[in-house]
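Structural features, examined
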Amino acid sequence: MSLLSLILKSTRLCNLRCAYCHDWRAGPNQTMNFTVMARAIASALSDPEHDIVDFTWHGGEPTILPVSFYEKALAVQSYFRRPGQVVVNTIQTNGTRITDSWAKFLLDNQFLVGVSLDGPPEIHDRYRIYESGRPSFTDVSNTIQRLREYGIPFSVLMVIDEGALAIGPRRIFDFFLKMKINNFGLLAATPLNQPYAAPGTKTEHYIDPKRMTDFLINLYDVWVAYGDPNIKIREFEGIIQRLQHGKSGYCTLEGNCFGHYYLVEPNGEVAHCELFQGDSRYALGNILHDDFSKFRNSSRMHELSKLNQLELSQMQLCPEFAVCNGWCPHERYLSARHNPYHTISCCGLIDLISHIRENLPIWI
């Protein structure tokens with residue numbers, strides 16, 4: 001079955017000013033209007049190539065918009081959804097604005113919920129603050145409690161920056177245990193894209209693959225030693241699934257995501273994924289004038305796919321290529337520009353994959 005994953009920037013406005021974030025915008029015209037929203041949904045669901053459509057509502061902070069915006073989106077989805085077509089709605093929130101009415105809406109409509117929480121307060125409140133400078137950890141903790149009270153399953157996404165590396169994986173794992181959070185993912189901090197940066201260019205908020213892999217190996221050992229199969233860590237689960245079953249629901253191990261993952265901006269502009277913002281080579285058009293068939297079959301998409309295939313061909317001799325599939329194209333994009341250890345023959349995951357292969361949990 002063919003999957004389409006849409007990241008819809010329902011608004012670029014945000015109430016936080018996270019130190020490493022470059023997703024928020026200020027000023028007018030930063031919110032998606034009904035026409036753009038409806039056109040994106042209609043085009044996605046009407047395309048016969050799309051058997052499964054995952055709408056990920058993103059920001060900025062998507063809950064700045066009222067619940068009524070998303071109620072309208074669901075109504076449009078209901079109208080255009082084809083028989084047998086699977087529709088999934090996901091919301092990624094900073095967890096500072098989830099009221100009772102929001103929680104009831106998310107529960108009633110079976111939204112998948114991701115909450116951004118950067119670990120213990122000494123790290124979270126260092127990076128994730130309000131525009132006024134006020135810390136946000138307490139508000140996010142209250143949201144997590146509210147989600148539990150309503151029985152809403154959720155996962156947590158933690159950004160790994162210098163502060164997290166400094167306190168180490170044991171402190172982070174113990175924190176998640178204390179918070180009773182048993183489903184989380186870890187995302188390396190990423191800098192603003194610099195399309196024409198020379199190899200080895202130093203930049204802020206970049207955790208290169210070697211440091212991230214070393215961190216994950218140590219965290220993996222802590223996780224395995226703790227021995228609880230109910231604790232799900234996205235990066236480990238994804239690799240283990242690849243090792244055991246040859247497939248994973250973890251998009252960064254897909255290998256070729258071009259033509260399946262799109263970003264839709266508030267003004268309708270469409271690009272490949274959300275990660276390449278600022279690089280016009282990944283822009284594909286505008287949903288107000290084009291559809292996904294046109295994006296999928298465009299000369300720009302063919303160029304991007306061809307470049308991706310070239311990069312993947314240079315990695316074929318890696319002994320763990322069948323597991324990593326070359327990793328995420330954006331990880332390679334950043335590595336080629338900023339990673340002092342960059343090599344075209346390895347994505348950077350080999351040590352982590354080999355370590356997991358040799359030390360599978362006893363419950364597997």
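Residues numbered from 1 in each chain as written. Predicted model: local features only at pLDDT ≥ 70, side-chain atom pairs only at ≥ 80, totals over all residues. Heavy atoms only, no water.

1. Section: the pattern of salt bridges
So the rule is basically this: By salt bridge we mean one thing: a side-chain nitrogen of Lys or Arg within 4 Å of a carboxyl oxygen of Asp or Glu. Only protein chains enter the accessibility calculation, which uses a 1.4 Å probe; a residue whose area is less than 20% of its type maximum is buried, one above 50% is exposed, and one in between is partly exposed.
This model, assessed by the stated rule, comprises 19 salt bridges. Arg281 is the salt-bridge partner of Asp279, the closest N and O atoms lying 2.7 Å from each other. Between Asp290 and Lys294 there is a salt bridge whose closest N-O contact spans 3.0 Å. Under the relative-accessibility criterion, Asp290 is labelled buried at 13%.

2. Quick word on unusual backbone geometry
To be explicit about the condition: Going along the chain from the N terminus, every DSSP run of H or I of four or more residues is numbered as a helix, and every run of E of two or more is numbered as a strand.
Gly59 connects to Gly60 through a cis peptide bond whose omega is 20 degrees. Position of Gly60 among the secondary structure elements: in the loop between strand S2 (52-58) and helix H2 (67-80). Positive phi is not limited to glycine here, since Gln110 has a value of about 55 degrees. Topologically, Gln110 is positioned in the loop between helix H3 (100-108) and strand S4 (112-116).

3. Details of the side chain of Asp118
This is how it is decided: Charge assignment in this entry is limited to Lys and Arg as positive and Asp and Glu as negative, and neither His nor the chain termini are counted. Polar contact criterion, stated in full: a pair of N or O atoms within 3.5 Å, where within protein one must be able to donate a hydrogen and the other to accept it, and residues adjacent in sequence count only if both atoms are side-chain atoms. Residues count as neighbours in contact if any of their non-hydrogen atoms are within 4.5 Å of one another.
Locating Asp118 in the fold gives a position in the loop between S4 and helix H4 (121-127). The charged side chain of Asp118 is buried without a salt bridge, its nearest counter-charge being Arg128 at 4.2 Å. Separated by 2.9 Å, the side chain of Asp118 and the backbone nitrogen of Val159 make a polar contact. Those residues within four positions of Asp118 in sequence are excluded, and the remaining contacts are Tyr20, Ile123, His124, Tyr127, Arg128, Leu157, Met158 and Val159.

4. Regarding the layout of surface pockets
Filter applied, for reference: Site definitions follow a grid-based scheme: protein atoms alone, a 1 Å grid, a 1.4 Å probe that fits but cannot get out for cavities, and for pockets an open set with protein on both sides within 12 Å along at least five of seven lines, plus lining residues having an atom within 4 Å of a point. Grid points are joined across faces, edges and corners, and a volume is the space filled by probe spheres set on the points. Charged means Asp, Glu, Lys or Arg here, nonpolar means Ala, Val, Leu, Ile, Met, Phe, Trp, Tyr, Cys or Pro, and polar covers whatever is left, Gly included.
The volume enclosed by the second largest pocket comes to roughly 350 Å³. Lining the second largest pocket are 19 residues, and of these Leu307, Glu311, Arg332, Tyr333 and Arg337 sit closest to its centre. Counting residues per element, the ones that place at least two in the lining of the second largest pocket are helix H10 (299-313) and helix H12 (329-338). Here the element with the most residues in the lining of the second largest pocket is H10; it accounts for 6 residues. Along the lines of polarity and charge, the residues of the lining of the second largest pocket split into 11 nonpolar, 3 polar and 5 charged.

5. Focus on the nonpolar core
Using the following cut-off: In these notes, a set of buried Ala, Val, Leu, Ile, Met, Phe, Trp, Tyr and Cys residues joined through side-chain atoms within 4.5 Å is what counts as a nonpolar core.
Judged by nonpolar contacts, the single largest core of 104 residues is most densely connected at Trp57 and Leu186. It is helix H7 (residues 209-226) that contributes the most residues to this core, 8 residues altogether.

6. Some remarks on the packing of H7 against helix H8 (residues 234-245)
So the rule is basically this: Axis definition: a line fit to C-alpha positions, over the contact stretch in the case of helices; interaxial angles, taken between N-to-C directions, run 0 to 180 degrees. Here the angle decides the label: under 35 degrees means roughly parallel, over 145 means roughly antiparallel, 65 to 115 means roughly perpendicular, and every other value means oblique.
The interhelical angle for the contact between H7 and H8, taken along N-to-C directions, is 85 degrees, at an axis separation of 10 Å. With respect to H8, the element H7 is oriented roughly perpendicular. Here Leu216, Leu219, Tyr220 and Trp223 of H7 lie close against H8, whose contacting residues are Phe236, Glu237 and Ile240. Residues that form the contact of H7 with H8 fall into these classes: 6 nonpolar, no polar and 1 charged.

7. Some remarks on the sheet that holds strand S6 (residues 183-188)
To be explicit about the condition: The rule for pairing is simple: two strands pair if DSSP sees at least two bridges between them.
Taken in spatial order, the 10 strands of this open sheet run S7-S6-S5-S4-S3-S2-S1-S8-S9-S10, and their pairing is mixed. Each having just a single partner strand, strand S7 (232-233) and strand S10 (283-286) make up the two edges of the open sheet. Strands in contact with H10 are strand S8 (261-264), strand S9 (269-272) and S10; relative to S10, the strand with the most contacts, it is inclined by about 160 degrees.

8. Here we look at the packing of aromatic side chains
So the rule is basically this: Aromatic pairing here means that ring centres of Phe, Tyr or Trp (its six-membered ring) are within 6.5 Å. Orientation follows from the plane angle: under 30 degrees is stacked, over 60 is edge-to-face, and everything else is tilted. Any Lys NZ or Arg CZ that is within 6 Å of a ring centre and within 35 degrees of that ring's normal is treated as a charge sitting over the ring.
According to the stated counting rule, one finds 23 aromatic pairs in the structure shown. Considering the side-chain rings of Trp102 and Phe105, the 5.9 Å spacing of their centres and the 85 degrees angle between planes classify their relative orientation as edge-to-face. With a gap of 3 residues between them, Trp102 and Phe105 both fall in helix H3, about one helical turn apart. Measuring from centroid to centroid gives 3.9 Å for Phe276 and Tyr282, while their planes differ by 10 degrees, and the two rings are stacked. For Tyr282, a relative accessible area of 8% translates into the label buried. Among the aromatic side chains, those forming a connected cluster through ring pairs are Phe55, Trp57, Phe69, Tyr70, Trp102, Phe105 and Phe111. We note Arg134 situated over the ring of Tyr130; from NZ or CZ to the ring centre the distance is 4.1 Å. Above the face of the Tyr341 ring, Lys210 is positioned so that its terminal group lies 5.7 Å from the ring centre.

Geometric values such as these leave the question of function open.
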